[in-house]
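Residue-level structural notes
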There are 2 protein chains.
Amino acid sequence: MRIALLGGTGDIGEGIALRLARDTDHEVVIGSRDAEKAETRAGEYVERLGERGHDAAVEGYGNEEATTAADVVVVSVPPEYAASTVEVVADHLDDGAVLICPATQMDRDATGFHYDPPADGSVAEAVAAAAPEGNPVVGAFQNIAAGALTDLDNELDVDVVLTGDDVDAKATVGDLVAGIDGLRTLDAGGLANSSEVESITPLLINLAMNNEGMHDLGVRFQ
Amino acid sequence: MRIALLGGTGDIGEGIALRLARDTDHEVVIGSRDAEKAETRAGEYVERLGERGHDAAVEGYGNEEATTAADVVVVSVPPEYAASTVEVVADHLDDGAVLICPATQMDRDATGFHYDPPADGSVAEAVAAAAPEGNPVVGAFQNIAAGALTDLDNELDVDVVLTGDDVDAKATVGDLVAGIDGLRTLDAGGLANSSEVESITPLLINLAMNNEGMHDLGVRFQ
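Residues numbered from 1 in each chain as written. Chains lettered and ligands numbered in written order. Predicted model: local features only at pLDDT ≥ 70, side-chain atom pairs only at ≥ 80, totals over all residues. Heavy atoms only, no water.

Per-residue confidence for chain A averages 97 on the pLDDT scale, and 100% of its residues sit at or above 70. Complex prediction metrics read pTM 0.96 and ipTM 0.96. (pLDDT = per-residue confidence, 0-100.)

So this is what it looks like as structure tokens:
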């Protein structure tokens, strides 16, 4: 499949791009509002993977061009731009292309980080509201720290929880995620169940802040 | 210490009582609105532990009497009764006795279970609002399935996340929880960070409903 990571120059996009390029045979492209920046970063990813002996092809484009002909589009932009980014690329989405929403929305006060969902109930639902009818949305990757992904020496052993209303789209994403070494996928039901997944992310940061030696945490259900 | 489990005839109270009585040297008492029921259930717990070779003492009383002279009081009643139960026993609380809130509040629709916090932001904060000033509240045990605790053949290997504004109270609860075999405690900061812990519980149920062979799930951060 062709996998496009919009905002693929950001840290979570970088992490997913590197892992997919290293561990799977999918075609990985990264997108950015700035096509030149995307191209430069894609070159850096290829170089980093090459230094580790992985002959991977990652290409970089503007978000619209990255979206074109993609089977799966990961909306790895900051949460406040997630819905608007989908609107920008909507005309370039292949019918049936699956959107993945890895974002959560948080605020911070003196106590720590707190889940601060948009009016739709979750970022995933906000993305779905902005997506064309023929493009199902799946929530995934919210509870994985970017640092845990981008550090390619780090062996992952965590869960990726999936939410989505389209069973086939969820299966496609499940296969894609499970292709990354050390990730297990679990199904949490429909997209309306996304907020309970997204709200774990601020907790992971609060745990990192309050416990010695814990950082870049993920979660495992057992 | 003397540990009182209000609502200790319910399933989560039962689980915590059995594990504390089996794994620690603390004095365990269970409370109920119905003192006779508490006494009967306490006898059953002692019998079950005895059948497994554990010579444990668990006693049962009305909630007020169970609270008297307790060092730690676990408010293991349904969430809608948590604050009012604290009000009922308030005059019986020793100054400095620590309250543990293991509850979360959920609703259910066609999609699954959803976190439905009270107006205070979390059940733990609602309990704190009802508690006397000298009785600190610590959130704990929300993400452990009652079935995982009550099945004494089940070896636990999960985390208990603590929230609370009183550092000493949180340390007391941390020691208490860590006394139960297979539980690790993690500090998630102040009580205002409780909602992100409580909201994991409906997700655990959604995961159990949507994944073959997964039930009585807990969580591990790694």
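If you trace the eight strands from one edge of the open sheet to the other, you get β3-β2-β1-β4-β5-β8-β9-β10 (chain A), paired in mixed fashion. Each edge of the sheet is formed by a strand with only one pairing partner; in this case those strands are β3 (58-62) and β10 (183-187) of chain A. Pairs of neighbouring strands in the sheet enclose a mean axial angle of 25°, with direction left out of account. Sheet topology note: the strand β5 (residues 98-101) of chain A/strand β8 (residues 137-139) of chain A ladder contains three bridges and is parallel. Paired with L99 of chain A across the strands is V137 of chain A, a residue of β8 of chain A. Helix-sheet contacts for helix α9 (residues 200-210) of chain B involve β9 (158-164) and β10 of chain A, and the interaxial angle to β10 of chain A is about 90°. (Pairing = 2+ DSSP bridges. Helix = DSSP H or I, 4+ residues; strand = E, 2+ residues; numbered from the N terminus. Axes fitted to C-alpha atoms, helices over the stretch in contact; angles between N-to-C directions. Contact = heavy atoms within 4.5 Å.)

A word on the relation of the copies chain B and chain A. Its rotation angle being 180°, the transformation that places chain B on chain A also includes 0.0 Å of axial translation and leaves an RMSD of 0.0 Å. Within this description, the copies of the chain are treated as partners about a two-fold rotation axis. When C-alpha positions in chain B are compared against the rotation axis, the closest is assigned to R220 of chain B, at 2.5 Å. (Least-squares fit on C-alpha atoms with pLDDT ≥ 70 in both.)

Further remarks concern the pairing of strand β5 (residues 98-101) of chain B. When a strand is regular, its side chains alternate between the sheet's two faces. Residues and elements named next belong to chain B. Neither face of β5 is left uncovered, since the one carrying V98 and I100 and the one carrying L99 and C101 both have all their residues buried. Bridge count for strand β4 (residues 72-75) against β5 is three bridges, and the pairing is parallel. Its bridge partner lying in β5, V73 is registered against L99. As a crossover connection, the stretch from β4 through helix α4 (residues 79-89) into β5 is right-handed. (Buried < 20%, exposed > 50% of the residue type's maximum accessible area, 1.4 Å probe, protein only. Right-handed = clockwise from strand over helix to strand, strands pointing away.)

Residue and element names in this part refer to chain B. Here helix α1 (residues 11-23) is 13 residues long and its end C-alpha atoms lie 18 Å apart, about the 18 Å a rise of 1.5 Å per residue gives. Burial analysis of α1 places 12 of its 13 residues in the buried class, the great majority of the element. For α1, every residue scored as buried is listed here: I12, G13, E14, G15, I16, A17, L18, R19, L20, A21, R22 and D23. (Expected span 1.5 Å × (residues − 1).)

Attention shifts here to the environment of V73 of chain A. All names here are of chain A. Mapped onto the fold, V73 is located in strand β4 (residues 72-75). It is 9.6 Å that separates the C-alpha atoms of V73 and V29, two residues lying 44 residues apart in sequence. Apart from the residues within four sequence positions on either side, V73 is in contact with A4, L6, T67, L93, V98, L99 and I100.

In many analyses, interface size is given as the accessible surface area lost on bringing the parts together. Across the contact, 35 residues belong to chain B and 35 residues belong to chain A. Buried surface at the junction of chain B and chain A, both sides included, amounts to about 2700 Å², of which 59% is carbon and sulfur. If you sort the residues of chain B by the area they bury against chain A, E196, L203 and Q222 of chain B come out on top, with a joint share of 24%. Taken together, chain B and chain A are joined by zero salt bridges. On the surface where chain B and chain A come into contact, there are 12 residue pairs in polar contact (both at pLDDT 80 or more). Residues that form the side of chain B that touches chain A fall into these classes: 17 nonpolar, 12 polar and six charged. Here strand β11 (residues 219-221) of chain A pairs with strand β11 (residues 219-221) of chain B via three bridges, running antiparallel. Residue pairing in the sheet places R220 of chain A in a bridge with R220 of chain B of β11 of chain B. (Buried area = accessible area lost by both parts, 1.4 Å probe. Salt bridge = Lys/Arg side-chain N within 4 Å of Asp/Glu carboxyl O. Polar contact = N/O pair within 3.5 Å; in protein donor to acceptor, adjacent residues only side chain to side chain. Nonpolar A, V, L, I, M, F, W, Y, C, P; charged D, E, K, R; others polar.)

For the coordinates displayed, the defined rule picks out zero aromatic pairs over all chains. Stacked on the ring of Y81 of chain A, the Lys or Arg R33 of chain A has its end atom at 5.7 Å from the ring centre. (Phe/Tyr/Trp six-rings, centres within 6.5 Å; stacked < 30°, edge-to-face > 60°. Lys NZ or Arg CZ within 6 Å of the ring centre and 35° of its normal.)

All names here are of chain B. Strand order in this open sheet of eight strands is β3-β2-β1-β4-β5-β8-β9-β10, and the pairing throughout is mixed. The sheet terminates laterally at β3 (58-62) and β10 (183-187), the two strands that pair on one side only. Across this sheet, the average inter-strand angle for adjacent strands is 25°, counted without regard to direction. Where strand β9 (residues 158-164) lies against β10, five bridges are found, and the strand directions are parallel.

All right, on to the pattern of salt bridges then. Under the criterion given, the structure shown has 20 salt bridges over all chains. Between R48 of chain A and E14 of chain A there is a salt bridge, with its nearest N and O atoms 2.5 Å apart. Placement of R48 of chain A in helix α2 (residues 35-51) and of E14 of chain A in helix α1 (residues 11-23) is noted, with a sequence separation of 34 residues between them. Here R48 of chain A falls in the partly exposed class, since its relative accessible area comes to 29%. E44 of chain B is the partner of R41 of chain B in a salt bridge, and the nearest nitrogen-oxygen pair spans 2.8 Å. Residue R41 of chain B and its partner E44 of chain B are both found in helix α2 (residues 35-51); the two are separated by three residues, about one turn of the helix. Using a relative accessible area of 33% as the deciding quantity, one classes E44 of chain B as partly exposed. A single network of salt bridges, built from pairs that share partners, joins E14, R41, E44 and R48 of chain A.

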